[in-house]
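What follows is each chain in one-letter form.
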Amino acid sequence: MIHEEVIRMKTKGELDVIDITEDVKRVVEESGIKRGICLVFGKGSTLGIILNENDTMLLDDLKELIKELVPHKEYNHPVNARSHLRSILLRNQVSLPVKNGRLEIGTWQQVMVLELDTRPREREIIVTVVGES
Amino acid sequence: MIHEEVIRMKTKGELDVIDITEDVKRVVEESGIKRGICLVFGKGSTLGIILNENDTMLLDDLKELIKELVPHKEYNHPVNARSHLRSILLRNQVSLPVKNGRLEIGTWQQVMVLELDTRPREREIIVTVVGES
Amino acid sequence: MIHEEVIRMKTKGELDVIDITEDVKRVVEESGIKRGICLVFGKGSTLGIILNENDTMLLDDLKELIKELVPHKEYNHPVNARSHLRSILLRNQVSLPVKNGRLEIGTWQQVMVLELDTRPREREIIVTVVGES
(Lines give C-alpha, C1' and ligand atoms only; values in the text may rest on other atoms or scores of the structure.)
Protein backbone atom coordinates (compact mmCIF):
# COMPACT_ATOMS: atom_id res chain seq x y z
CA MET A 1 0.00 0.00 0.00
CA ILE A 2 1.34 3.41 -1.02
CA HIS A 3 0.18 6.91 -0.16
CA GLU A 4 1.78 10.04 -1.55
CA GLU A 5 1.15 13.72 -0.95
CA VAL A 6 2.95 16.98 -1.71
CA ILE A 7 3.43 19.63 0.99
CA ARG A 8 3.83 23.08 -0.58
CA MET A 9 5.19 26.23 1.05
CA LYS A 10 6.83 29.58 0.41
CA THR A 11 10.04 30.25 2.25
CA LYS A 12 11.18 33.69 3.38
CA GLY A 13 14.79 33.44 2.25
CA GLU A 14 18.16 32.09 3.27
CA LEU A 15 18.15 29.95 6.44
CA ASP A 16 14.39 30.23 6.95
CA VAL A 17 13.08 27.17 8.84
CA ILE A 18 9.60 25.68 8.37
CA ASP A 19 8.43 22.96 10.74
CA ILE A 20 6.35 20.42 8.77
CA THR A 21 6.03 17.77 11.49
CA GLU A 22 2.27 18.21 11.83
CA ASP A 23 1.79 18.04 8.05
CA VAL A 24 3.80 14.84 7.80
CA LYS A 25 1.92 13.32 10.75
CA ARG A 26 -1.39 14.18 9.08
CA VAL A 27 -0.31 12.57 5.78
CA VAL A 28 0.66 9.38 7.62
CA GLU A 29 -2.54 9.26 9.66
CA GLU A 30 -4.74 9.93 6.62
CA SER A 31 -2.91 7.29 4.58
CA GLY A 32 -4.49 4.42 6.51
CA ILE A 33 -1.07 2.76 6.58
CA LYS A 34 -0.41 1.18 9.98
CA ARG A 35 3.17 -0.06 9.60
CA GLY A 36 5.90 0.94 7.18
CA ILE A 37 8.27 3.68 6.13
CA CYS A 38 7.60 7.36 5.38
CA LEU A 39 10.02 9.19 3.07
CA VAL A 40 10.08 13.00 3.34
CA PHE A 41 11.87 14.28 0.24
CA GLY A 42 12.72 17.87 -0.67
CA LYS A 43 12.38 18.40 -4.43
CA GLY A 44 15.26 20.78 -4.96
CA SER A 45 19.03 21.03 -4.66
CA THR A 46 19.26 24.09 -2.41
CA LEU A 47 17.25 23.07 0.65
CA GLY A 48 17.78 20.82 3.63
CA ILE A 49 15.46 18.48 5.53
CA ILE A 50 16.41 18.39 9.21
CA LEU A 51 15.17 15.96 11.87
CA ASN A 52 15.86 17.41 15.29
CA GLU A 53 14.52 19.58 18.09
CA ASN A 54 12.64 22.70 16.97
CA ASP A 55 14.21 25.06 19.47
CA THR A 56 15.03 28.65 18.50
CA MET A 57 18.37 28.66 20.27
CA LEU A 58 19.41 25.35 18.73
CA LEU A 59 18.38 26.56 15.27
CA ASP A 60 20.50 29.68 15.81
CA ASP A 61 23.42 27.41 16.69
CA LEU A 62 22.76 25.34 13.58
CA LYS A 63 22.74 28.42 11.35
CA GLU A 64 26.07 29.54 12.82
CA LEU A 65 27.54 26.08 12.29
CA ILE A 66 26.38 25.98 8.66
CA LYS A 67 27.98 29.40 8.03
CA GLU A 68 31.24 28.18 9.54
CA LEU A 69 31.38 24.84 7.72
CA VAL A 70 30.30 26.25 4.34
CA PRO A 71 31.03 29.98 4.50
CA HIS A 72 29.53 32.77 2.42
CA LYS A 73 32.47 33.37 0.05
CA GLU A 74 33.43 33.25 -3.61
CA TYR A 75 32.99 29.83 -5.25
CA ASN A 76 33.36 28.60 -8.83
CA HIS A 77 29.63 27.94 -9.29
CA PRO A 78 27.89 31.32 -9.60
CA VAL A 79 25.53 33.03 -7.12
CA ASN A 80 24.35 30.22 -4.81
CA ALA A 81 27.13 27.62 -4.65
CA ARG A 82 26.99 27.74 -0.86
CA SER A 83 23.29 26.78 -1.03
CA HIS A 84 24.05 23.63 -3.02
CA LEU A 85 27.04 22.68 -0.86
CA ARG A 86 25.07 23.13 2.35
CA SER A 87 22.25 21.01 0.90
CA ILE A 88 24.71 18.22 0.04
CA LEU A 89 26.13 18.30 3.57
CA LEU A 90 22.78 18.43 5.39
CA ARG A 91 20.81 16.22 2.94
CA ASN A 92 17.31 16.93 1.69
CA GLN A 93 15.47 13.84 2.78
CA VAL A 94 14.64 11.77 5.82
CA SER A 95 13.04 8.33 6.25
CA LEU A 96 10.83 7.73 9.27
CA PRO A 97 9.29 4.55 10.71
CA VAL A 98 5.49 4.21 10.86
CA LYS A 99 3.94 2.10 13.63
CA ASN A 100 0.35 1.78 14.85
CA GLY A 101 -0.68 4.19 12.09
CA ARG A 102 1.57 6.99 13.35
CA LEU A 103 5.10 8.31 12.96
CA GLU A 104 7.32 6.43 15.43
CA ILE A 105 9.68 9.31 16.21
CA GLY A 106 11.01 10.82 19.42
CA THR A 107 9.60 13.78 21.34
CA TRP A 108 12.42 16.04 20.21
CA GLN A 109 12.43 14.93 16.60
CA GLN A 110 10.74 17.52 14.44
CA VAL A 111 10.84 17.44 10.64
CA MET A 112 11.97 20.84 9.40
CA VAL A 113 12.59 22.32 5.97
CA LEU A 114 15.65 24.54 5.93
CA GLU A 115 15.78 27.03 3.06
CA LEU A 116 19.39 27.19 1.90
CA ASP A 117 18.91 29.20 -1.28
CA THR A 118 19.85 32.89 -1.29
CA ARG A 119 16.27 34.06 -1.94
CA PRO A 120 12.69 33.14 -1.04
CA ARG A 121 11.48 30.03 -2.89
CA GLU A 122 8.34 27.99 -3.45
CA ARG A 123 9.07 24.47 -2.21
CA GLU A 124 7.55 21.06 -2.78
CA ILE A 125 8.15 18.34 -0.23
CA ILE A 126 7.11 14.88 -1.43
CA VAL A 127 5.83 12.61 1.35
CA THR A 128 5.61 8.93 0.36
CA VAL A 129 4.32 6.30 2.78
CA VAL A 130 4.96 2.63 1.97
CA GLY A 131 3.47 -0.09 4.15
CA GLU A 132 0.49 -2.15 5.27
CA SER A 133 -2.95 -1.14 6.52
CA MET B 1 5.03 -7.34 3.98
CA ILE B 2 6.35 -5.39 6.96
CA HIS B 3 8.44 -6.44 9.95
CA GLU B 4 9.39 -4.12 12.76
CA GLU B 5 11.53 -4.55 15.85
CA VAL B 6 13.12 -2.31 18.45
CA ILE B 7 16.77 -2.74 19.46
CA ARG B 8 17.37 -1.39 22.96
CA MET B 9 20.69 -0.53 24.61
CA LYS B 10 22.39 1.52 27.28
CA THR B 11 25.23 3.73 26.13
CA LYS B 12 28.21 4.61 28.31
CA GLY B 13 28.33 8.33 27.52
CA GLU B 14 29.56 10.80 24.94
CA LEU B 15 31.05 9.24 21.78
CA ASP B 16 30.38 5.67 22.88
CA VAL B 17 29.95 3.39 19.85
CA ILE B 18 27.71 0.30 19.77
CA ASP B 19 27.87 -2.03 16.78
CA ILE B 20 24.35 -3.31 16.02
CA THR B 21 25.10 -5.01 12.69
CA GLU B 22 24.39 -8.50 14.02
CA ASP B 23 21.12 -7.36 15.60
CA VAL B 24 19.96 -5.74 12.36
CA LYS B 25 20.97 -8.83 10.37
CA ARG B 26 19.01 -11.03 12.76
CA VAL B 27 15.89 -8.83 12.46
CA VAL B 28 16.08 -9.03 8.66
CA GLU B 29 16.63 -12.81 8.64
CA GLU B 30 13.81 -13.43 11.13
CA SER B 31 11.44 -11.17 9.17
CA GLY B 32 11.07 -13.70 6.37
CA ILE B 33 11.37 -10.81 3.90
CA LYS B 34 13.52 -11.81 0.93
CA ARG B 35 13.75 -8.55 -1.01
CA GLY B 36 13.17 -4.97 0.05
CA ILE B 37 14.46 -2.11 2.18
CA CYS B 38 15.50 -2.04 5.85
CA LEU B 39 15.32 1.29 7.70
CA VAL B 40 17.47 1.60 10.85
CA PHE B 41 16.19 4.64 12.72
CA GLY B 42 17.53 6.16 15.94
CA LYS B 43 14.68 7.48 18.08
CA GLY B 44 16.36 10.54 19.53
CA SER B 45 17.92 13.84 18.51
CA THR B 46 21.35 13.40 20.13
CA LEU B 47 22.65 10.21 18.56
CA GLY B 48 24.08 9.19 15.21
CA ILE B 49 23.71 6.08 13.08
CA ILE B 50 26.91 5.37 11.17
CA LEU B 51 27.43 2.90 8.34
CA ASN B 52 31.13 2.21 7.95
CA GLU B 53 34.03 0.03 9.03
CA ASN B 54 34.10 -0.88 12.73
CA ASP B 55 37.79 -0.27 13.25
CA THR B 56 39.08 1.23 16.50
CA MET B 57 41.57 3.50 14.80
CA LEU B 58 39.00 4.74 12.30
CA LEU B 59 36.51 5.40 15.09
CA ASP B 60 39.18 7.39 16.93
CA ASP B 61 39.69 9.42 13.76
CA LEU B 62 35.93 9.94 13.47
CA LYS B 63 35.68 11.17 17.06
CA GLU B 64 38.49 13.66 16.44
CA LEU B 65 36.80 14.86 13.27
CA ILE B 66 33.48 15.35 15.04
CA LYS B 67 35.18 17.38 17.77
CA GLU B 68 36.84 19.56 15.14
CA LEU B 69 33.75 20.14 13.01
CA VAL B 70 31.39 20.72 15.96
CA PRO B 71 33.62 21.69 18.88
CA HIS B 72 32.87 21.49 22.57
CA LYS B 73 32.21 25.19 23.24
CA GLU B 74 29.50 27.59 24.41
CA TYR B 75 26.32 27.54 22.27
CA ASN B 76 22.95 29.27 22.62
CA HIS B 77 21.08 26.03 23.33
CA PRO B 78 21.95 24.92 26.88
CA VAL B 79 24.06 21.91 27.97
CA ASN B 80 24.12 19.60 24.93
CA ALA B 81 23.83 21.79 21.83
CA ARG B 82 26.89 20.07 20.37
CA SER B 83 25.09 16.71 20.70
CA HIS B 84 22.16 17.92 18.60
CA LEU B 85 24.38 19.62 16.02
CA ARG B 86 26.55 16.53 15.62
CA SER B 87 23.42 14.39 15.23
CA ILE B 88 22.12 16.71 12.48
CA LEU B 89 25.45 16.50 10.65
CA LEU B 90 25.91 12.73 10.97
CA ARG B 91 22.20 11.77 10.70
CA ASN B 92 20.41 9.22 12.82
CA GLN B 93 19.17 6.78 10.24
CA VAL B 94 20.31 4.56 7.43
CA SER B 95 18.42 2.60 4.75
CA LEU B 96 19.84 -0.73 3.60
CA PRO B 97 18.91 -3.04 0.72
CA VAL B 98 17.64 -6.56 1.46
CA LYS B 99 18.31 -9.33 -1.08
CA ASN B 100 17.98 -13.11 -0.82
CA GLY B 101 16.64 -12.64 2.71
CA ARG B 102 19.77 -10.86 3.93
CA LEU B 103 21.25 -7.39 4.21
CA GLU B 104 23.00 -6.62 0.93
CA ILE B 105 25.84 -4.54 2.39
CA GLY B 106 29.59 -4.54 1.95
CA THR B 107 32.16 -6.34 4.09
CA TRP B 108 33.29 -3.09 5.70
CA GLN B 109 29.85 -1.66 6.26
CA GLN B 110 28.86 -2.03 9.88
CA VAL B 111 25.81 -0.35 11.38
CA MET B 112 26.86 1.53 14.49
CA VAL B 113 25.06 3.67 17.03
CA LEU B 114 27.13 6.68 18.06
CA GLU B 115 26.10 8.25 21.37
CA LEU B 116 26.40 12.00 20.95
CA ASP B 117 24.70 13.11 24.15
CA THR B 118 26.85 14.32 27.05
CA ARG B 119 25.76 11.49 29.36
CA PRO B 120 24.87 7.78 29.24
CA ARG B 121 21.45 7.17 27.69
CA GLU B 122 18.97 4.37 27.08
CA ARG B 123 18.44 4.16 23.34
CA GLU B 124 15.77 2.71 21.07
CA ILE B 125 16.66 1.90 17.49
CA ILE B 126 13.63 1.12 15.32
CA VAL B 127 14.31 -1.43 12.56
CA THR B 128 11.61 -1.57 9.89
CA VAL B 129 11.83 -4.00 6.99
CA VAL B 130 9.53 -3.45 3.99
CA GLY B 131 9.44 -5.99 1.16
CA GLU B 132 8.34 -9.33 -0.23
CA SER B 133 8.76 -12.84 1.10
CA MET C 1 6.19 -5.21 -5.47
CA ILE C 2 9.97 -5.10 -5.42
CA HIS C 3 12.51 -4.58 -8.17
CA GLU C 4 16.25 -4.67 -7.63
CA GLU C 5 19.20 -4.10 -9.94
CA VAL C 6 22.92 -3.54 -9.55
CA ILE C 7 24.68 -0.72 -11.41
CA ARG C 8 28.37 -1.53 -11.89
CA MET C 9 31.19 0.86 -12.80
CA LYS C 10 34.91 1.46 -12.63
CA THR C 11 36.01 4.74 -11.08
CA LYS C 12 39.15 6.60 -12.11
CA GLY C 13 40.41 7.42 -8.62
CA GLU C 14 39.98 9.84 -5.76
CA LEU C 15 37.14 12.36 -6.21
CA ASP C 16 36.03 10.93 -9.56
CA VAL C 17 32.31 11.60 -10.12
CA ILE C 18 29.98 9.31 -12.10
CA ASP C 19 26.46 10.50 -12.88
CA ILE C 20 24.08 7.51 -12.66
CA THR C 21 20.80 9.42 -12.94
CA GLU C 22 19.89 7.87 -16.29
CA ASP C 23 20.68 4.37 -15.02
CA VAL C 24 18.51 4.85 -11.94
CA LYS C 25 15.67 6.30 -14.07
CA ARG C 26 15.87 3.30 -16.38
CA VAL C 27 15.73 0.84 -13.45
CA VAL C 28 12.63 2.59 -12.09
CA GLU C 29 10.90 2.72 -15.48
CA GLU C 30 11.69 -0.92 -16.26
CA SER C 31 10.48 -2.02 -12.80
CA GLY C 32 6.83 -1.43 -13.68
CA ILE C 33 6.41 0.17 -10.27
CA LYS C 34 4.21 3.27 -10.49
CA ARG C 35 4.36 4.62 -6.93
CA GLY C 36 6.82 4.01 -4.15
CA ILE C 37 10.37 4.55 -2.95
CA CYS C 38 13.69 3.94 -4.73
CA LEU C 39 16.79 3.35 -2.60
CA VAL C 40 20.17 3.97 -4.26
CA PHE C 41 22.79 2.33 -2.06
CA GLY C 42 26.56 2.33 -2.49
CA LYS C 43 28.02 -1.01 -1.41
CA GLY C 44 31.27 0.20 0.12
CA SER C 45 32.59 2.37 2.92
CA THR C 46 34.78 4.73 0.86
CA LEU C 47 32.33 6.24 -1.60
CA GLY C 48 29.60 8.84 -1.48
CA ILE C 49 26.20 9.09 -3.16
CA ILE C 50 25.36 12.72 -3.90
CA LEU C 51 21.99 14.14 -4.99
CA ASN C 52 22.53 17.58 -6.48
CA GLU C 53 23.23 19.52 -9.65
CA ASN C 54 25.77 17.93 -12.00
CA ASP C 55 27.68 21.11 -12.79
CA THR C 56 31.45 21.03 -13.22
CA MET C 57 32.03 24.22 -11.29
CA LEU C 58 29.82 23.09 -8.42
CA LEU C 59 31.58 19.73 -8.30
CA ASP C 60 34.93 21.56 -8.13
CA ASP C 61 33.55 23.56 -5.19
CA LEU C 62 32.37 20.34 -3.55
CA LYS C 63 35.79 18.72 -3.92
CA GLU C 64 37.44 21.77 -2.35
CA LEU C 65 34.95 21.70 0.53
CA ILE C 66 35.56 18.00 1.15
CA LYS C 67 39.32 18.58 1.27
CA GLU C 68 38.83 21.41 3.77
CA LEU C 69 36.39 19.57 6.05
CA VAL C 70 38.30 16.25 6.01
CA PRO C 71 41.85 17.14 4.96
CA HIS C 72 44.49 14.90 3.47
CA LYS C 73 46.67 14.38 6.56
CA GLU C 74 47.92 11.69 8.92
CA TYR C 75 45.17 9.72 10.68
CA ASN C 76 45.23 6.70 13.00
CA HIS C 77 43.57 4.38 10.46
CA PRO C 78 46.16 3.57 7.78
CA VAL C 79 46.22 4.70 4.13
CA ASN C 80 42.64 5.82 3.40
CA ALA C 81 41.15 7.09 6.66
CA ARG C 82 40.09 10.28 4.91
CA SER C 83 38.11 8.19 2.40
CA HIS C 84 36.07 6.55 5.17
CA LEU C 85 35.55 9.80 7.08
CA ARG C 86 34.38 11.62 3.95
CA SER C 87 32.00 8.76 3.19
CA ILE C 88 30.53 8.97 6.70
CA LEU C 89 30.03 12.72 6.32
CA LEU C 90 28.54 12.62 2.81
CA ARG C 91 26.64 9.31 3.17
CA ASN C 92 26.52 6.55 0.61
CA GLN C 93 22.82 6.28 -0.05
CA VAL C 94 19.80 8.27 -1.12
CA SER C 95 16.06 7.50 -1.11
CA LEU C 96 13.93 8.93 -3.92
CA PRO C 97 10.16 9.08 -4.42
CA VAL C 98 8.59 7.27 -7.39
CA LYS C 99 5.38 8.69 -8.91
CA ASN C 100 3.58 7.89 -12.18
CA GLY C 101 6.23 5.25 -12.87
CA ARG C 102 9.11 7.73 -12.77
CA LEU C 103 11.55 9.27 -10.30
CA GLU C 104 9.86 12.32 -8.78
CA ILE C 105 12.97 14.46 -8.42
CA GLY C 106 13.83 18.05 -9.33
CA THR C 107 15.48 19.28 -12.52
CA TRP C 108 18.76 19.93 -10.73
CA GLN C 109 18.81 16.74 -8.72
CA GLN C 110 21.22 14.29 -10.29
CA VAL C 111 22.30 11.06 -8.58
CA MET C 112 26.07 10.89 -8.58
CA VAL C 113 28.61 8.40 -7.27
CA LEU C 114 31.60 10.13 -5.72
CA GLU C 115 34.72 7.97 -5.47
CA LEU C 116 36.36 8.79 -2.14
CA ASP C 117 38.95 6.04 -2.04
CA THR C 118 42.56 6.85 -2.84
CA ARG C 119 42.68 4.61 -5.92
CA PRO C 120 40.43 3.48 -8.81
CA ARG C 121 37.79 1.00 -7.70
CA GLU C 122 35.09 -1.26 -9.11
CA ARG C 123 31.80 -0.18 -7.57
CA GLU C 124 28.39 -1.76 -7.10
CA ILE C 125 25.39 0.47 -6.56
CA ILE C 126 22.29 -1.43 -5.44
CA VAL C 127 19.02 0.10 -6.68
CA THR C 128 15.93 -1.21 -4.88
CA VAL C 129 12.43 -0.04 -5.82
CA VAL C 130 9.56 -0.79 -3.42
CA GLY C 131 6.00 0.08 -4.39
CA GLU C 132 2.85 -0.64 -6.37
CA SER C 133 2.30 -1.18 -10.08
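Bear in mind that the values here come from a model prediction, so they are computed numbers and not experimental data.

> Can you walk me through the overall build of chain A in this structure?
Per the secondary structure count, chain A includes 3 helices and 8 strands. In sequence order, chain A lays out its α and β elements as β-β-α-β-β-α-α-β-β-β-β. Against the globule reference of 14 Å for 133 residues, chain A gives a C-alpha radius of gyration of 16 Å, in line with a compact fold. Once the C-alpha set of chain A is aligned to its principal axes, its extents read approximately 50 × 25 × 20 Å. Relative to its 133 residues, chain A shows a buried fraction of 53%. Looking at chain A alone, contacts between residues at least 24 apart form 86% of all its contacts between residues at least 6 apart.

> So what exactly am I meant to see when it comes to the nonpolar core here?
One recurring pattern in soluble globular proteins: nonpolar side chains tend to sit buried together. Core analysis: the biggest nonpolar cluster contains 122 residues, and Cys38 and Val40 of chain A, Cys38 and Val40 of chain B together with Cys38 and Val40 of chain C have the highest contact counts within it. When residues no more than four places from it in sequence are discounted, the contact partners of Val40 of chain A are Val24, Ile49, Gln93, Val94, Leu96, Val111, Ile125 and Val127 of chain A.

> Could you clarify how one ought to interpret helix 3 (residues 81-90) of chain C in this entry?
Residue and element names in this part refer to chain C. Along helix 3, 10 of the 10 residues are buried, which leaves the element largely enclosed by surrounding structure. Buried within helix 3 we find Ala81, Arg82, Ser83, His84, Leu85, Arg86, Ser87, Ile88, Leu89 and Leu90. Trailing helix 3 by a residue or two, Arg91 shows a phi angle of about 75°, which is positive.

> Teacher, can you tell me more about the relation of the copies chain A and chain C here?
Overlaying chain A with chain C gives an RMSD of 0.0 Å, the required rotation being 120° about an axis along which the chain moves by 0.0 Å. Viewed as a symmetry operation, the transformation between the two copies matches a three-fold axis.

> Is there a simple way to explain the relation of the copies chain B and chain C in this structure?
In summary, the two copies of the chain are related to each other by a rotation about an axis coupled with a shift along it. Of the transformation placing chain B onto chain C, the axial shift is 0.0 Å and the rotation is 120°, giving an RMSD of 0.0 Å. Taken as a fraction of all interface residues of chain B, those also at the interface in chain C reach only 18%, which identifies the copy contact as different-surface.

> It is not clear to me how the pairing of strand 8 (residues 122-132) of chain C should be interpreted in this structure. Could you clarify?
The side chains of a regular strand alternate, first on one face of the sheet and then on the other. Residues and elements named next belong to chain C. Counting buried residues along strand 8, 8 of its 11 residues qualify, which places the element largely inside the surrounding structure. As paired strands, strand 3 (residues 35-42) and strand 8 are joined by 8 bridges and run antiparallel to one another. The residue of strand 8 that forms the bridge with Phe41 is Ile126.

> What am I meant to see in the environment of Trp108 of chain A here?
Structurally, Trp108 of chain A can be placed in the loop between strand 6 (102-103) and strand 7 (110-115). The class for Trp108 of chain A is partly exposed, based on 16 C-beta atoms found within 10 Å. Residues Trp108 of chain A and Ile37 of chain A, spaced 71 residues apart in sequence, show a C-alpha to C-alpha distance of 19 Å. Other than its neighbours up to four places away in sequence, Trp108 of chain A contacts Glu53 of chain A together with Ser45 of chain B.

> Can you help me understand the sheet that holds strand 3 (residues 35-42) of chain B in this one?
Working definition: the strands of a sheet are paired by backbone hydrogen bonds and lie parallel or antiparallel to each other. Residues and elements named next belong to chain B. The antiparallel open sheet is built from 5 strands, whose spatial order is 1-8-3-5-6. Strands at the two margins of the open sheet, each flanked by one partner only, are strand 1 (2-10) and strand 6 (102-103). By the bridge criterion, 2 bridges tie strand 5 (residues 93-99) to strand 6 in an arrangement that is antiparallel. The residue bridging Val98 from the neighbouring strand is Leu103, located in strand 6.

> Where do I start with the pairing of strand 7 of chain A in this structure?
All names here are of chain A. Within strand 7, 6 of the 6 residues are buried, leaving the element largely enclosed by the surrounding structure. Across 3 bridges, the pairing between strand 2 (residues 17-19) and strand 7 is antiparallel. When the sheet's bridge partners are listed, Asp19 is paired in strand 7 with Met112. Across 6 bridges, strand 4 (residues 47-52) lies against strand 7 in antiparallel orientation.

> Honestly, the interface of chain B and chain C in this entry has me stumped. Any pointers?
In many analyses, interface size is given as the accessible surface area lost on bringing the parts together. At the junction of the two partners, chain B supplies 28 residues and chain C supplies 24 residues. Looking at the side of chain B that touches chain C, the elements that each hand over two or more residues are strand 3, strand 4 (47-52), helix 2 (56-69), strand 5 and strand 8 (122-132) of chain B. Here the side of chain B that touches chain C gets 7 residues from one element, more than from any other, and that element is helix 2 of chain B.

> Would you mind showing me how to read the interface of chain A and chain C here?
With 24 residues of chain A at the interface, the matching set in chain C holds 28 residues. Put simply, the parts of the chain that give the side of chain A that touches chain C at least two residues each are strand 1 (2-10), strand 3 (35-42), helix 3 (81-90), strand 5 (93-99) and strand 8 (122-132) of chain A. Sorting elements by how many residues they give to the side of chain A that touches chain C places helix 3 of chain A first, with 5 residues. Partitioned by chemical class, the residues of the side of chain A that touches chain C number 12 nonpolar, 9 polar and 3 charged.

> Would you take a moment to explain the sheet that holds strand 2 (residues 17-19) of chain C for this structure?
Residue and element names in this part refer to chain C. Across the sheet, which stays open at both edges, the 3 strands sit in the order 2-7-4 with antiparallel pairing between neighbours. In the strand order of this sheet, the two ends are held by strand 2 and strand 4 (47-52), each with one partner. Strand-to-strand twist in this sheet, taken as the mean axis angle between neighbours without regard to direction, amounts to 25°.

> Explain the packing of helix 2 (residues 56-69) of chain A against helix 3 (residues 81-90) of chain B to me, please; I cannot follow it from the model alone.
A pair of packed helices can be characterised by two numbers: the angle between their axes and the separation between those axes. Where helix 2 of chain A contacts helix 3 of chain B, the axes come no closer than 10 Å and their chain directions differ by 55°. If you check the angle between helix 2 of chain A and helix 3 of chain B, you find them oblique. In this structure, the crossing between helix 2 of chain A and helix 3 of chain B has a hand that is right-handed. In this structure, helix 2 of chain A uses Leu58, Asp61, Leu62 and Leu65 of chain A to contact helix 3 of chain B, whose residues at the interface are Ala81, His84, Leu85 and Ile88 of chain B.

> I would appreciate a short explanation of unusual backbone geometry in the present structure.
Backbone phi values are negative for most residues with the exception of glycine, while trans is the configuration of most peptide bonds. The phi angle at Arg91 of chain A is positive, at roughly 75°, despite the residue not being glycine. In this model, Val79 of chain B sits at a positive phi of 70°, which is unusual for a non-glycine residue. Along the chain, the position of Val79 of chain B falls in the loop between helix 2 and helix 3. Exposure remark for Val79 of chain B: the 10 C-beta atoms within 10 Å place this residue in the exposed category.

About the cut-offs
Residues numbered from 1 in each chain as written. Chains lettered and ligands numbered in written order. Predicted model: local features only at pLDDT ≥ 70, side-chain atom pairs only at ≥ 80, totals over all residues. Helix = DSSP H or I, 4+ residues; strand = E, 2+ residues; numbered from the N terminus. Rg over C-alpha atoms; globule rule 2.2 N^0.38 Å. Buried ≥ 20, exposed ≤ 12 C-beta atoms within 10 Å, placed from the backbone. Contact = placed C-beta atoms within 7 Å. Core = buried A, V, L, I, M, F, W, Y, C linked by C-beta atoms within 7 Å. Least-squares fit on C-alpha atoms with pLDDT ≥ 70 in both. Pairing = 2+ DSSP bridges. Nonpolar A, V, L, I, M, F, W, Y, C, P; charged D, E, K, R; others polar. Axes fitted to C-alpha atoms, helices over the stretch in contact; angles between N-to-C directions. Parallel < 35°, antiparallel > 145°, perpendicular 65-115°, else oblique. Left-handed = near helix turned anticlockwise from the far one by under 90°.

By themselves, these observations are geometric and do not establish any function.
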